[in-house]
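What follows is the residue order along each chain.
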Amino acid sequence: MIKEIELKLLPEQAANPDIIRQKAIKKSGFPKRRVKDIQQLRRSIDARKSKPIVSLRVAVHIDEAPGSAPNLLNNLQQVAQQDPVIIVGSGPAGYFAALELIELGLKPIIFERGKDIRARRKDLRSIQKYGIVHPHSNYCFGEGGAGTYSDGKLYTRSHKRGDIYKTLRILVEHGANSDILIDAHPHIGSNKLPQIVANIRKTILQHGGQIHFESCVTNLVMAKENIRGVIVNEQSEHLAKAVILATGHSARDIYYLLDGHGIKVEAKAFALGVRIEHPQTLIDRIQYNQSPREEHLPASSYRLACQVNGRGVYSFCMCPGGLVVPAATAPGEIVVNGMSLSKRNSAHANSGTVVAITLEDLAPFKDKGVFSALELQRSVEQSLFQFGDGSQRAPAQRLTDFVNGELSESLPKSSYIPGLYSASLHELLPKGIYQRLQEAVQIFGHKMRGYYTEEANVIGTESRTSSPVRIPRNPETYMHHEVDGLFPCGEGSGYAGGIISAAMDGQNVARAVKKVYG
Ligand SMILES: Cc1cc2nc3c(=O)[nH]c(=O)nc-3n(C[C@H](O)[C@H](O)[C@H](O)COP(=O)(O)OP(=O)(O)OC[C@H]3O[C@@H](n4cnc5c(N)ncnc54)[C@H](O)[C@@H]3O)c2cc1C
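Predicted model only: the values in this text are computed from it and were never measured.

For the rest of this paragraph, the subject is helix α7 (residues 252–260). Within α7, the full set of buried residues consists of Arg 252, Ile 254, Tyr 255, Leu 257 and Leu 258. Residues of α7 that are buried make contact with β7 (217–223), β10 (243–245), α10 (372–387), β21 (469–470) and β22 (486–488). A positive phi of about 75° marks Gly 262, the residue just after α7.

Next comes the structure, spelled out in C-alpha cells:
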C-alpha cells in the first residue's frame, strides 16, 4: 500500500532525509516497522510567508518496498541497418527525436553545423574573451544546440504536448540529478549539461545512429512537393524519406532557404527587450525576507508581468545566481541571454524583460513580408553592435537612469564577462519598446519593493526569446502543409520554446515520422 502525504517543513528540515522520514511516518499513522520506504514525489518552496517553507509530497510505502524505476534505455533498438531519417540540428529537439526514432526502430542521421561539446567550448571562450563570434559555433549553435550552455531550467507549461516525466527520466539516465524528477522548478545548470548531452550522443552512436558535426545543411534536395534529402556544406548529398528540421530559432539562413524553394514560412510573434541584472542578495531580501539567505534555500527567483499600452511586458528566463552571456550567432550583433551553474551561486540574478512585438513595431520592415519580425530582430541587434566598439561589450544603463532617460556615470558590477559600457539604451531601442519597458519596470518596482533600484543593470539586448518565423505544419501529421517528408520540429519551427518543450516536440515528430514508414 502507498499513502501520499503532504509535509510543510523548514528548509533545514527538508534537507535532512532522517527528519523527512520521521515526520512522514508520524503523519502516515502507521507504525515504523510497517514502513518500507519513503519516496519524495514533489518539492516546492513557498516564500509567501515571512519564513520560507518547503512543501513536500511524499509516498509512504507500507508493508511493501517500491520496485525500481524502469530503465528507458532498455527500450532502445540497434538501428544501424534500419531505414534512415535525416535530422538537421542536435539541439534538444534533434537529440530527443533521435532517441525516439531509435526506440521505434529507425536510424537517425544527424547533421549539426556546429562542433562537438568539447571543441565548442573553445569557441565560447573566444566570444567571452576576445569578442570573436564563430558563425557556426556559439551559444546557440553546436552540439546540444542552445540547450547545452543554457540555464537548464526544465520547467515547462506545455504539459499537454507530451510526456514530461519520460523526458526528464531520459536526462536522469544520462547523468542529471534525480532531483529534477521532483522539483517544481527543476534545473540542471550549464556546468552539468555538456556531460549529459555528450552521454546522449554516446547512446545514439552505440545504437547505430550517426552524428556529423561541422556539417551545415546548405540546401534541400527537392522533387516537386517531396523532400528527398539535404545538401551538406554545399557538397555532399544525403537522401532519406523523411527530414526532421530541428534548427532552432537562430538559423536565419534556413528560413531564407525554405523561402527560396517556395516552401511556406510565416511571420510569428516574438518578444524583444533587455536583460536586467540585480545583486542576488537584493532579490533574496525581497523574496525571502532575509539576506544573506539561509544555507538550505536556493537563490531566489521572480516572475513579473504587466500590460502597458495594450501589450504584455514580462520577465523571461529568470536566472537566479546566474550569469549574463553573449548569445550572438553572427559577427556584428549584440545579443544577451542568461544561464547559471547548477549551484546557482553567482552574486547576480538576471532575467530577460521583454515586450510582445506587434504589427506596430514591424511597420518599418513591412517590405520584408514574412521576414519582417526577423529583420526587426536583426536590425536591433546590429544597431547595438554598430554603436559599440566592435567587441562583444554590451551597452548598459542603471535601471533608474534607464527610466529617467539619462546616461549612467558608472555601472554596477555585472556577471557579463565581455564587459559593459554605459550607453543611452533609451535612445537605442525602438521607441515603442523602450516606453513600455520604462513604465513596466516601475510597475514591477511596486509589485516587488526594491526591484526598481539604481543597483540594477539594464543590458541590451534580449532579442532571441523565441522564433520570429514559423514553419507551418499539419497538427496531426507534423509534416509541412505543402512538402511531403519535411518535418519542422522544435523551437525553430515555431511550435516549441524551451528545452523540455523542444525535446517533447522531437519525440512527437519522431513518432509521426514512424507513421510515414509504416
Ligand atoms: C543562453 C541560453 C539560456 C537558455 N536557458 C534556458 C533554460 O534555462 N530553460 C529552457 O527551457 N530553455 C532555455 N533556453 C532556450 C533553449 O535552449 C531552447 O529553447 C532549446 O534549445 C530549443 O531547442 P531546439 O532543439 O529546438 O533548437 P536549438 O537548441 O536551437 O538547436 C538547433 C540546432 O540546430 C543546429 N543548426 C541550425 N542550422 C543548421 C543547419 N543549417 N545545418 C545543421 N545544423 C543546424 C544548431 O547549430 C543547433 O545546434 C536558453 C537558451 C540560451 C541561448
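If you trace the backbone, Asp 46 turns up in strand β2 (residues 35–46). When residues no more than four places from it in sequence are discounted, the contact partners of Asp 46 are Pro 52 and Ile 53.

What follows concerns the pattern of salt bridges. All chains considered together, the criterion is met by 28 salt bridges. When the shortest N-O distance is used, the salt bridge between Glu 173 and Arg 169 registers 3.4 Å. Of this pair, Glu 173 and Arg 169 both sit in helix α5 (residues 164–173), 4 residues apart, which is roughly one turn of that helix. Look at Arg 169 and you get buried, because its relative accessible area is 14%. Across the salt bridge formed by Asp 284 and Arg 293, the nearest N and O atoms sit 2.8 Å from each other. Judged by relative accessible area, which is 26%, Arg 293 ranks as partly exposed. A single network of salt bridges, built from pairs that share partners, joins Glu 100, Glu 103, Lys 166 and Arg 511.

Time to look at the sheet that holds strand β5 (residues 107–111). Backbone hydrogen bonds are what pair the strands of a sheet, in a parallel or an antiparallel way. Pairing in this open sheet of 5 strands is parallel, and the strands run β6-β5-β4-β10-β22 from one edge to the other. Both edges of this open sheet fall to β6 (210–212) and β22, since each of them pairs with a single strand only. Each adjacent strand pair in this sheet contributes to an overall mean axis angle of 20°, direction not counted. Where β5 meets β6, 3 bridges bridge the pair, whose relative direction is parallel. Residue Phe 111 lies in a different strand from β6, and its bridge partner there is His 212. Taken strand by strand, helix α3 (residues 92–104) contacts β4 (84–88), β5, β6 and β10, and its axis lies near 160° from that of β5.

On to the site of the ligand. Lining the immediate environment of the ligand, one finds 36 residues, of which Glu 112, Ala 146, Glu 491, Gly 498 and Ile 499 sit closest. The separation between an oxygen atom of the ligand and a polar main-chain atom of Pro 92 is 3.2 Å. When the free accessible area of the ligand is taken as 990 Å², the share hidden by the protein chains comes to 96%. Grouping the amino acids of the shell around the ligand by side-chain chemistry returns 16 nonpolar, 15 polar and 5 charged. Counting contributing residues per domain, the shell around the ligand is built from domain 2 (74–265 + 469–517) and domain 3 (271–462), each supplying no fewer than three.

Parameters and conventions
Residues numbered from 1 in each chain as written. Predicted model: local features only at pLDDT ≥ 70, side-chain atom pairs only at ≥ 80, totals over all residues. Heavy atoms only, no water. Buried < 20%, exposed > 50% of the residue type's maximum accessible area, 1.4 Å probe, protein only. Helix = DSSP H or I, 4+ residues; strand = E, 2+ residues; numbered from the N terminus. Contact = heavy atoms within 4.5 Å. Salt bridge = Lys/Arg side-chain N within 4 Å of Asp/Glu carboxyl O. Pairing = 2+ DSSP bridges. Axes fitted to C-alpha atoms, helices over the stretch in contact; angles between N-to-C directions. Near = heavy atom within 4 Å. Polar contact = N/O pair within 3.5 Å; in protein donor to acceptor, adjacent residues only side chain to side chain. Areas by Shrake-Rupley, 256 points an atom, 1.4 Å probe, with all protein chains shown as cover. Nonpolar A, V, L, I, M, F, W, Y, C, P; charged D, E, K, R; others polar. Domains from an automatic or database assignment.

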